[in-house]
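# Report on the structure
Read off the chains here:
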Amino acid sequence: MSEAIKTDVLIIGAGPCGLFAVFELGLLDMKVHLVDILDKIGGQCAELYPEKPIYDIPGIPLVTGQGLTEALLEQIKPFNPTFHLNEMVESIEKIGDPGFRVTTDAGQVFECKVVVVSAGGGSFQPKRPPVPGIEAYENTSVFYAVRKMEQFRDKEILIVGGGDSALDWTLNLHPLAKRMTLLHRRDDFRAAPHSVEQMRKLVADGKMDLKIGQVTALEGADGKLSGAQVKGSDNAMSTVSCDTMLPFFGLTMKLGPVANWGLHLENNLIPVETASFETNVPGIFAIGDINTYPGKLKLILSGFHEGALMAQKAHRYVYPDKRLVFQYTTSSSSLQKKLGVN
Ligand SMILES: Cc1cc2nc3c(=O)[nH]c(=O)nc-3n(C[C@H](O)[C@H](O)[C@H](O)COP(=O)(O)OP(=O)(O)OC[C@H]3O[C@@H](n4cnc5c(N)ncnc54)[C@H](O)[C@@H]3O)c2cc1C
């Protein structure tokens, strides 16, 4: 076990909400380390939809998941946070009032005054469709996320599913694909009506195929897919020729070790009060998708707000003797100095 790293605040999860929390904490002079299971920074934005546009970040009409991650990294640069990637936080032990010892599966130990849980849905994993032998094609012909759209240029793609991810990727990838087929078990989609309309127009124009049914078996060899056997709603069997399959059956949110940290849980989410987003354990806060409270919206902008309020209360734990004066970045020369702009 390595020597304990001492820090003011330890953030669990380097998704967008964890990243923005670094900014709010930094403005109030709190030093931060972040831990994430993934090998990259950005949480769902970087892992699940790096190239998809987001339209509801205040003041930014359009930014991709990766673009937002990069912008947040740029914004928190002045505070020089330290990232510990490919590590999962396993345990949190109370050692002070408040004060915590946090340990990762790599044996790294942190000692901090405040813990911020911004663990999203925990360790999220795509749901695997019930198709025999699908594992043999995973990561060669079957993919559960689109990391680089270019990878799918000139492919014969079969997208399976009826939700937003299935429809969005159908629309985004069809211009690159050699042939695009969307397969859903019924002719009724959960996705946004506008996306469904666009998809139906492409089908009517002969630019892609829509099939109703379920994949029962895959054809191919050595991890290379050549087709999928489909059972239609009328029980008729057919084969869809494809070299790539993208099933979007949703994600299983595996809470993982979060369940063992002594925090109250409600439906696998951490209840918080809404003045500071603190949990039932003083000094441990929960922000972003992982928390719950009346009216909660799982939006990035909600997590940003939660991070700002969390930092105000965290300051009391880290600097119990200092009075906090509210300041604007526009007009405070001391905040501007911290940001390196003055
Ligand atoms: C396809 C799609 C489109 C979306 N579009 C929008 C949109 O347009 N607008 C919008 O506002 N929101 C959108 N969202 C939702 C948005 O991505 C989430 O609200 C946001 O990512 C939540 O951020 P977070 O920081 O709370 O958690 P996450 O982004 O989930 O990050 C949490 C991180 O915590 C890590 N973690 C979990 N447990 C541990 C542990 N024990 N130890 C270490 N690390 C851990 C995970 O690996 C993960 O990286 C979309 C989501 C999806 C899937």
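Residues numbered from 1 in each chain as written. Predicted model: local features only at pLDDT ≥ 70, side-chain atom pairs only at ≥ 80, totals over all residues. Heavy atoms only, no water.

With an unreviewed UniProt entry as reference, the protein chain is termed Ferredoxin--NADP reductase, source organism Nitrobacter vulgaris. The UniProt entry for the protein chain carries the following text under Subunit (unreviewed entry): "Homodimer." Recorded in UniProt under Catalytic activity (unreviewed entry), the annotation for the protein chain is "2 reduced [2Fe-2S]-[ferredoxin] + NADP(+) + H(+) = 2 oxidized [2Fe-2S]-[ferredoxin] + NADPH". (UniProt positions renumbered as here; feature names shortened; annotations may be inferred.)

## Some details on the overall build of the protein chain
Each helix and strand in the protein chain was counted, giving seven helices and 19 strands. Relative to its 342 residues, the protein chain shows a buried fraction of 51%. Residue pairs in contact within the protein chain that sit at least 24 positions apart in sequence constitute 58% of those at least 6 positions apart. Per element, the accessible surface of the protein chain, about 16500 Å² overall, is 51% carbon and sulfur. (Helix = DSSP H or I, 4+ residues; strand = E, 2+ residues; numbered from the N terminus. Buried < 20%, exposed > 50% of the residue type's maximum accessible area, 1.4 Å probe, protein only. Contact = heavy atoms within 4.5 Å. Areas by Shrake-Rupley, 256 points an atom, 1.4 Å probe, with all protein chains shown as cover.)

## Thoughts on the pairing of strand β11 (residues 179–184)
Counted residue by residue, β11 has five buried out of six residues, so it is predominantly covered. Of the strand pairs in this sheet, strand β10 (residues 156–160) and β11 are connected by five bridges, and their pairing is parallel. Directly across from I157, in β11, lies its bridge partner M180. Note on the crossover from β10 through helix α4 (residues 164–173) to β11: the handedness is right-handed. Note that β11 and strand β12 (residues 209–221) share four bridges and pair parallel. Looking at the pairing, L183 lines up with K211 of β12. (Pairing = 2+ DSSP bridges. Right-handed = clockwise from strand over helix to strand, strands pointing away.)

## Points about the domain arrangement of the protein chain
With domains assigned, the protein chain is organised as domain 1 (5–124 + 252–339) and domain 2 (128–249). Approximately 640 Å² of surface area, both sides summed, lies buried where domain 1 meets domain 2, with 41% of it carried by carbon and sulfur atoms. Of all residues in domain 1, the largest losses of buried area upon contact with domain 2 belong to E47, E51 and K52, amounting jointly to 70% of the total for that side. Joining domain 1 to domain 2, the criterion identifies two salt bridges. Across the salt bridge formed by K148 and E51, the nearest N and O atoms sit 3.9 Å from each other. Across the domain 1-domain 2 interface, the total number found is two residue pairs in polar contact (both at pLDDT 80 or more). The residue makeup of the side of domain 1 that touches domain 2, split by class, is two nonpolar, no polar and four charged. (Domains from an automatic or database assignment. Buried area = accessible area lost by both parts, 1.4 Å probe. Salt bridge = Lys/Arg side-chain N within 4 Å of Asp/Glu carboxyl O. Polar contact = N/O pair within 3.5 Å; in protein donor to acceptor, adjacent residues only side chain to side chain. Nonpolar A, V, L, I, M, F, W, Y, C, P; charged D, E, K, R; others polar.)

## Points about the UniProt feature "binding site: FAD" (unreviewed entry) in the protein chain
Here, the residues flagged by UniProt with the feature "binding site: FAD" (unreviewed entry) are C17, D36, Q44, Y49, V89, F124, D289 and T330. Assignment of secondary structure puts V89 in strand β6 (residues 89–96). According to the relative accessible area criterion, V89 is buried, its value standing at 4%. Every residue in contact with V89, bar those within four places of it in the chain, is listed here: I12, V35, V102, T103, T104, P257 and W261.

## Here we look at the packing of helix α1 (residues 16–27) against helix α6 (residues 300–318)
Across the interface, α1 lies against α6 with an axial gap of 8 Å and an inter-helix angle of 35 degrees. In this structure, α1 crosses over α6, and the sense of that crossing is right-handed. Along the contact surface, α1 presents P16, C17, F20, A21, E24 and L25, while α6 presents I300, G303, F304, G307, A308, M310, A311 and A314. Here the contact of α1 with α6 is built from residues that sort into 11 nonpolar, two polar and one charged. (Axes fitted to C-alpha atoms, helices over the stretch in contact; angles between N-to-C directions. Left-handed = near helix turned anticlockwise from the far one by under 90°.)

## Examining the pattern of salt bridges
Two side chains with opposite charge may pair up if their charged atoms get near one another. Tallied over the entire structure, the rule returns 18 salt bridges. Of the charged contacts in the structure, one is a salt bridge between E47 and K40, with a shortest N-O distance of 2.7 Å. For E47, a relative accessible area of 12% corresponds to the buried category. Relative accessible area serves as the criterion here: at 23%, K40 is assigned to the partly exposed category. Among the ionic pairs, R101 bridges to E111, the shortest N-O distance being 3.4 Å. One end of the pair, R101, is in strand β7 (residues 99–104); the other, E111, is in strand β8 (residues 109–117), and 10 residues separate them in sequence. Exposure remark for R101: the relative accessible area of 28% places this residue in the partly exposed category.

## Quick word on the site of the ligand
Taken together, 29 residues lie near the ligand, and D36, Q44, Y49, D289 and I300 sit nearest. D56 is positioned with one of its side-chain polar atoms (N or O) 2.8 Å from a nitrogen atom of the ligand. With the chains in place, 89% of the 1000 Å² that the ligand exposes on its own is no longer accessible. For the shell around the ligand, the secondary structure elements donating two or more residues are α1 and α2 (43–47). (Near = heavy atom within 4 Å.)

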